Every structure is written in structure tokens, then in C-alpha cells.
Amino acid sequence: MDKISNLKEIVITTLDLNKAEDIVTIDLKDKSSMADYMIIASGTSSRHIQSLSEQVLEKLKDNGIKDSKIEGKESGEWKLVDGIDLIVHIFHPEKRKFYELEKIWSEFIPKEKVMI
């Protein structure tokens, strides 16, 4: 297992142990050059979402991703944890439904149309 796949499993386990809901992984390797994987999960409250994002950030840093950071710090409804080759979105369920990232990124995109 390569380093990014191993890190993906660590993040999924961290989210699961901390009671994140509806954890989904999307392979971005053939869809975008911005990252290899996107993980999407839901939290039950703004405090839960904040805690999940901090736990994920800590795991990323513990595993050598020193430049990782949290986006959306002022929002209680979503957070994005940028792990360079691994992006983690944590949403309040209503915001997650609104943005539909799973639907957008799960669709096949021909390589000639990939812009990112």
C-alpha cells in the first residue's frame, strides 16, 4: 500500500472513531490533478465538525503532511482539511446535500476535459 492510500485509511479510521457520519471516499486520480483522493463526511453539530477537522489535521501532521491546514475555520457548517494529495470535506448534513460533492466528483470526466 502506498503512502497516500495508507494515509487515506488513517483519516477514514479517525473520522469513524470520532463518530463522523456517511463517510465517502472518491478517487480523483483520473479526474483531477489537485489531489489523489477526496473524503467527504458529515458531523452532527458545529462543534463536532470542528473537532473532526482538528483530529484529521493532527493525523495528517503526525504522518508527515506538515503543510496541511483547515479552510472554513469561521464556518460552523463545513470545513475543508487540505492534506495536499488528500482533501477532506466535513459538512453539516444540510450543507452536504446542498453542495452534492459526491455527485459532482463521482461522475466520469474524460481526461481531455479535466481542467483542474
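Preceding block: the structure.
Let me sum up the structure you'll find in this document. (Residues numbered from 1 in each chain as written. Predicted model: local features only at pLDDT ≥ 70, side-chain atom pairs only at ≥ 80, totals over all residues. Heavy atoms only, no water.)

## Points about the nonpolar core
Okay, step 1: Core analysis: the biggest nonpolar cluster contains 20 residues, and Val11, Leu15, Leu60, Leu86 and Val88 have the highest contact counts within it.
Okay, step 2: Not counting residues up to four positions away in its chain, the partners in contact with Leu86 are Leu7, Lys8, Val11, Ala35, Tyr37, Ile39, Leu60 and Val81.
Okay, step 3: In this structure, Ala35, Met38, Leu80 and Phe91 belong to the second largest nonpolar core, which totals 9 residues. (Core = buried A, V, L, I, M, F, W, Y, C linked by side-chain atoms within 4.5 Å. Buried < 20%, exposed > 50% of the residue type's maximum accessible area, 1.4 Å probe, protein only. Contact = heavy atoms within 4.5 Å.)

## Considering the pattern of salt bridges
Okay, step 1: Under the criterion given, the structure shown has 3 salt bridges.
Okay, step 2: We note a salt bridge from Lys8 to Glu9, for which the minimum N-O separation is 3.6 Å.
Okay, step 3: Using a relative accessible area of 14% as the deciding quantity, one classes Lys8 as buried.
Okay, step 4: Residue class for Glu9 comes out partly exposed when judged on its relative accessible area of 35%.
Okay, step 5: Close ionic contact of Lys69 with Glu71 constitutes a salt bridge, the shortest N to O distance being 3.9 Å.
Okay, step 6: Residue Lys69 is classed as partly exposed on the basis of its relative accessible area of 42%.
Okay, step 7: Assessed through its relative accessible area of 35%, Glu71 is described here as partly exposed. (Salt bridge = Lys/Arg side-chain N within 4 Å of Asp/Glu carboxyl O.)

## Quick look at helix α2 (residues 46–62)
Okay, step 1: Over its 17 residues, α2 extends 24 Å from the first C-alpha to the last, a length consistent with the 24 Å expected when each residue adds 1.5 Å.
Okay, step 2: Residues of α2 that are buried: His48, Ile49, Leu52, Ser53, Val56, Leu57 and Leu60.
Okay, step 3: Lining the buried residues of α2 we find α1 (3–17), β2 (37–42), β3 (69–71), β4 (78–82) and β5 (86–91).
Okay, step 4: After α2 finishes, the residue Gly64 shows a positive phi value of roughly 90°. (Helix = DSSP H or I, 4+ residues; strand = E, 2+ residues; numbered from the N terminus. Expected span 1.5 Å × (residues − 1).)

## Structural notes on the environment of Glu71
Okay, step 1: The topology assignment puts Glu71 in strand β3.
Okay, step 2: Here the alpha-carbon distance between Glu71 and Asp82, two residues 11 residues apart in the chain, equals 7.5 Å.

## Section: α1
Okay, step 1: Between its first and last C-alpha, α1 extends 21 Å over 15 residues, near the 21 Å set by a 1.5 Å rise per residue.
Okay, step 2: Along α1, the positions that sit buried rather than exposed are Ile4, Ser5, Leu7, Lys8, Val11, Ile12, Thr14 and Leu15.
Okay, step 3: Where the residues of α1 are buried, they touch β1 (21–27), β2, α2 and β5.
Okay, step 4: Within two residues after α1, Lys19 carries a phi angle of roughly 70°, on the positive side.

## What about the sheet that holds β4?
Okay, step 1: Pairing is mixed in the open sheet, where 5 strands are placed in the order β1-β2-β5-β4-β3. With partners counted over all chains shown, the strands left at the sheet margins are β1 and β3, one partner each. On average, each strand axis in the sheet is tilted by 20° relative to the strand beside it, whichever way the strands run.
Okay, step 2: Docked against the sheet, α1 engages β1, β2 and β5, running at close to 0° with respect to β2.
Okay, step 3: Where α2 meets the sheet, its contacts fall on β2, β3, β4 and β5, and the angle it forms with β4 comes to roughly 5°. (Pairing = 2+ DSSP bridges. Axes fitted to C-alpha atoms, helices over the stretch in contact; angles between N-to-C directions.)

## Thoughts on unusual backbone geometry
Okay, step 1: In this structure, Lys19 is a non-glycine residue whose phi angle is positive, near 70°.
Okay, step 2: Along the polypeptide, Lys19 turns up in the loop between α1 and β1.

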